[in-house]
Amino acid sequence: MIIAFDGSSIDGSVYEDVVSRAQNAPGWLDDMVSLWSTYGLAVFAVLMVLGWWRARRTGAAHAVTALAVPVVVIVAYGVDMGVKSIVREDRPCQSLHVRTLEACPAPGDWSFPSNHAALAVAAAVALVFVSRRLGAVAVLAALAMGVSRVWVGAHYPHDVLAGAAVGGLVALTAMLVLRHRSEVVARRLTAVRLGALLLAS
């Protein structure tokens, strides 16, 4: 038997209240939130592509910053998964046995921290370094993603907050380091004939 942490004592009552509201909400609202919870991460991919496309017209160093965004998101995901494997918190639907909009995952699919929150916030923070406008859109999308993960019953609120913290810290640290090295990276990429990724033709 796998020993797992039960996070219900932290904010289980808040989780139950949100899930109860979801059960009593209009069907169209639940459908929209579920759709966003499942497919919303694709929006961040679109924002990354837009950020890179626009950055190519600004300069090679700026384009390097934009190209770093998906790399940073992948790193944030790896860190988040590492924390998951250490903490091993059961999903709230397993501990509290409540009805949820999203099917309850099998045991061993740990809840803390939220991968979705980590990915969304990492993308949002990194995109702020590329474009304030795209970053603002991404921040709002990340907030909506975090709320949706509790609404559909996939995570406790503390899972989402922890995932956001992991994603945000990884992205902020990486982008601050890159800010001082983007010119060097741009020159190296140009030297290996990857200049087309950095400058619009």
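Predicted model, so just to flag it, every value in this text is computed and none were measured. (Residues numbered from 1 in each chain as written. Predicted model: local features only at pLDDT ≥ 70, side-chain atom pairs only at ≥ 80, totals over all residues. Heavy atoms only, no water.)

When its secondary structure is counted, the chain shows nine helices and zero strands. Secondary structure elements of the chain, listed N to C terminal, follow the sequence α-α-α-α-α-α-α-α-α. Among the 201 residues that make up the chain, the fraction classed as buried is 45%. Across the chain, contacts joining residues at least 24 apart in sequence account for 81% of those joining residues at least 6 apart. As displayed, the chain offers around 10700 Å² of accessible surface, 67% of which is attributable to carbon and sulfur atoms. (Helix = DSSP H or I, 4+ residues; strand = E, 2+ residues; numbered from the N terminus. Buried < 20%, exposed > 50% of the residue type's maximum accessible area, 1.4 Å probe, protein only. Contact = heavy atoms within 4.5 Å. Areas by Shrake-Rupley, 256 points an atom, 1.4 Å probe, with all protein chains shown as cover.)

So, on to the packing of aromatic side chains. For the coordinates displayed, the defined rule picks out two aromatic pairs. Here the aromatic rings of Trp52 and Trp53 are separated by 5.7 Å at their centres, their planes lie at 65°, and the arrangement is edge-to-face. Overall, the relative accessible area of 43% leaves Trp53 in the partly exposed class. (Phe/Tyr/Trp six-rings, centres within 6.5 Å; stacked < 30°, edge-to-face > 60°.)

Turning our eyes to something else, we now look at the layout of surface pockets. Put simply, the largest pocket is a space of about 200 Å³. In this structure, the largest pocket is lined by Ala117, Val121, Val139, Ala142, Leu143, Gly146, Val147, Val150, Pro157, Val160, Leu161 and Ala164. Counting residues per element, the ones that place at least two in the lining of the largest pocket are α6 (115-128), α7 (132-151) and α8 (157-179). With six residues, α7 is the single largest residue contributor to the lining of the largest pocket. The class makeup of the residues in the lining of the largest pocket is eleven nonpolar, one polar and no charged. (1 Å grid on protein atoms, 1.4 Å probe; cavity = no way out; pocket = protein on both sides within 12 Å on 5 of 7 lines; lining within 4 Å. Points joined across faces, edges and corners; volume = space filled by probe spheres on them. Nonpolar A, V, L, I, M, F, W, Y, C, P; charged D, E, K, R; others polar.)

Turning our eyes to something else, we now look at the pattern of salt bridges. All told, the structure shown has three salt bridges when counted by the stated rule. Here Asp109 makes a salt bridge to Arg91, at a shortest N to O gap of 2.9 Å. Of this pair, Asp109 sits in the loop between α5 (92-96) and α6 while Arg91 sits in the loop between α4 (60-87) and α5, placing them 18 residues apart in sequence. On the basis of relative accessible area, Arg91 is assigned to the buried category, the value being 7%. Note that Arg149 and Glu102 form a salt bridge whose closest N and O atoms lie 3.0 Å from each other. (Salt bridge = Lys/Arg side-chain N within 4 Å of Asp/Glu carboxyl O.)

Let us now look at the side chain of His158. Along the polypeptide, His158 turns up in helix α8. You can call His158 buried: its relative accessible area is 11%. Here Asp159 takes part through its side chain, which lies 3.2 Å from a polar atom of the side chain of His158. (Polar contact = N/O pair within 3.5 Å; in protein donor to acceptor, adjacent residues only side chain to side chain.)

Taken as a whole, the chain shows an average pLDDT of 87; of its residues, 87% reach a score of 70 or greater. Across the chain, the secondary-structure element scoring lowest on mean pLDDT is helix α9 (residues 182-191), at 57, and the one scoring highest is α6, at 96. (pLDDT = per-residue confidence, 0-100.)

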